[in-house]
Amino acid sequence: MDNEILYKSLKKESEVYICLDYYIIPESISADYCDLKCYGIKIEKTTVYAGGGKIVESKQINNIFYRYKDATEFSDTIIKKRIEPQGLRDIVENYIIEVLTEQDKVHKINIEI
């Protein structure tokens, strides 16, 4: 399966065009008697200068999500915030902390009941 591009934005700042592409990266993991599909995120930033120069930056983090729905919800968040490649790691770490904190709260409630 190819990378799925979710969103492409183009922004002009003076004589510079900035394009941000957001991808969901599917990956199949196979082990004994088990096939699992995981999803990662990639952000690619292309800066094109009026004089013809171009710089491409990208960051990718694999195997963050086990459900496609979680990957698309997370992607919606980073697209709305226009997260650039250098911010991907921080926002993924914050997301993981939020999810684990929420799961811990649910677990504590179930124990108390």
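Owing to the predicted nature of the structure, the values given are computational and were not obtained by experimental measurement.

Enquirer: How should I be thinking about a nonpolar patch on the surface in this particular structure?
Expert: A surface patch of nonpolar side chains, amounting to about 290 Å² of accessible area, comprises L10, Y17 and V48. Summarising the element assignment, L10 is placed in strand β1 (residues 4-13).

Enquirer: Could you clarify how one ought to interpret the environment of Y22 in this entry?
Expert: On the secondary structure map, Y22 appears in strand β2 (residues 16-31). Along the primary structure Y22 and K8 are separated by 14 residues, whereas in three dimensions their C-alpha atoms are 6.7 Å apart. Engagement of the side chain of Y22 in a polar contact is seen with the backbone oxygen of I83, the distance being 2.9 Å.

Enquirer: Quick question: what am I supposed to make of helix α1 (residues 68-80) here?
Expert: Along an α-helix, a turn takes 3.6 residues, which lines up residues three or four apart on a common side. Helix length check: α1, at 13 residues, gives a terminal C-alpha distance of 18 Å against a target of 18 Å (1.5 Å per residue), a fit within 8%. Where α1 ends, the next residue or the one after it, R82, has phi of about 50°, a positive value.

Enquirer: For this particular structure, what's the right way to read the pattern of salt bridges?
Expert: Pairs can form between side chains of opposite charge whenever their charged atoms are close. Within this structure, the stated rule accounts for six salt bridges. A salt bridge links E84 to K45, with the nearest nitrogen and oxygen atoms 2.8 Å apart. One end of the pair, E84, is in the loop between α1 and α2 (88-112); the other, K45, is in strand β3 (residues 34-49), and 39 residues separate them in sequence. E84 gets classed as partly exposed once you look at its relative accessible area, which sits at 23%. The exposure class assigned to K45 is buried, which follows from its relative accessible area of 11%. A salt bridge links R67 to D70; the nearest nitrogen and oxygen atoms lie 3.0 Å apart. Judged by relative accessible area, R67 falls into the exposed class, the value being 53%. Its relative accessible area of 16% is what places D70 among the buried residues.

Conventions and cut-offs
- Residues numbered from 1 in each chain as written.
- Predicted model: local features only at pLDDT ≥ 70, side-chain atom pairs only at ≥ 80, totals over all residues.
- Heavy atoms only, no water.
- Patch = residues over 30% accessible without salt bridge, like charges linked within 9 Å, V, L, I, M, F, W, Y side chains within 5 Å.
- Areas by Shrake-Rupley, 256 points an atom, 1.4 Å probe, with all protein chains shown as cover.
- Salt bridge = Lys/Arg side-chain N within 4 Å of Asp/Glu carboxyl O.
- Helix = DSSP H or I, 4+ residues; strand = E, 2+ residues; numbered from the N terminus.
- Polar contact = N/O pair within 3.5 Å; in protein donor to acceptor, adjacent residues only side chain to side chain.
- Expected span 1.5 Å × (residues − 1).
- Buried < 20%, exposed > 50% of the residue type's maximum accessible area, 1.4 Å probe, protein only.

Scope: geometric values only; no functional claims are made or implied.
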